[in-house]
Amino acid sequence: MEGQTALLEDSVKHGVKRFIPTEYSLCYDKVPQGESVAADERRKFREKIEASGVKGMYVHCGIFPD
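Residues numbered from 1 in each chain as written. Predicted model: local features only at pLDDT ≥ 70, side-chain atom pairs only at ≥ 80, totals over all residues. Heavy atoms only, no water.

K.L.:
When you look at the overall build of the protein in this model, what are you seeing that I'm missing?
P.N.:
Across its full length, the protein holds two helices and two strands. Helices (α) and strands (β) of the protein occur, in sequence order from the N terminus, as α-β-α-β. Counting every position in the protein, which comprises 66 residues, the buried fraction comes to 27%. A fraction of 65% describes how many contacts in the protein between residues 6 or more apart in sequence connect residues 24 or more apart. A total of about 4800 Å² of accessible surface is found on the protein, and carbon and sulfur atoms cover 55% of it. (Helix = DSSP H or I, 4+ residues; strand = E, 2+ residues; numbered from the N terminus. Buried < 20%, exposed > 50% of the residue type's maximum accessible area, 1.4 Å probe, protein only. Contact = heavy atoms within 4.5 Å. Areas by Shrake-Rupley, 256 points an atom, 1.4 Å probe, with all protein chains shown as cover.)

K.L.:
Teacher, can you tell me more about helix H1 (residues 2-13) here?
P.N.:
In an α-helix there are 3.6 residues to a turn, and that puts residues three or four apart on one side. For H1, which comprises twelve residues, the first-to-last C-alpha distance of 16 Å matches the rise-based estimate of 16 Å (1.5 Å per residue) to within 8%. Listed in full, the buried residues belonging to H1 are Gln4, Thr5, Leu8 and Ser11. Within H1, the buried residues cover an arc of 120° as seen down the axis, which keeps them to one side. With respect to the buried face of H1, the exposed residues turned more than 90 degrees away are Glu2, Glu9 and Lys13. On the buried face of H1, the contacting elements are strand E1 (18-19) and helix H2 (37-52). Positive phi shows up at Gly15, right after H1, with a value of about 75°. (Expected span 1.5 Å × (residues − 1). Arc of directions from axis to C-beta.)

K.L.:
How should I be thinking about the packing of aromatic side chains in this particular structure?
P.N.:
Evaluation of the coordinates by the stated rule reveals one aromatic pair. Residues Phe19 and Phe45 carry aromatic rings whose centres are separated by 6.2 Å and whose planes lie at 55° to one another, so their mutual orientation is tilted. Of this pair, Phe19 sits in strand E1 while Phe45 sits in helix H2, and the two are 26 residues apart along the sequence. Judged on exposure class, the residue Phe19 and its partner Phe45 are both buried. Positioned above the aromatic ring of Tyr58 is the side chain of Arg46, whose terminal nitrogen or guanidinium carbon lies 3.7 Å from the ring centre. (Phe/Tyr/Trp six-rings, centres within 6.5 Å; stacked < 30°, edge-to-face > 60°. Lys NZ or Arg CZ within 6 Å of the ring centre and 35° of its normal.)

K.L.:
Any chance you could explain the nonpolar core here in plain terms?
P.N.:
The tendency in soluble globular proteins is for nonpolar side chains to be buried as a group. In terms of nonpolar packing, the biggest core is built from five residues, these being Leu8, Phe19, Phe45, Ile49 and Val54. Dropping the residues within four chain positions of it, Ile49 is found in contact with Leu8, Phe19, Pro21, Val54, Lys55, Gly56 and Tyr58. (Core = buried A, V, L, I, M, F, W, Y, C linked by side-chain atoms within 4.5 Å.)

Here it is in structure tokens:
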């Protein structure tokens, strides 16, 4: 998440209006809090995006089993 946080901070600094984070995961909105560390981290990052003032766009493409 450190890399994405740096990208988000630069986006804010340079007036970017929309940020699309890497979301190579399941739709974590349906996973209860505390059940998955990965889902919890994604939720925390979404909160950072929302607090930044930049609009987030989320694309859940699922996990890649192969």
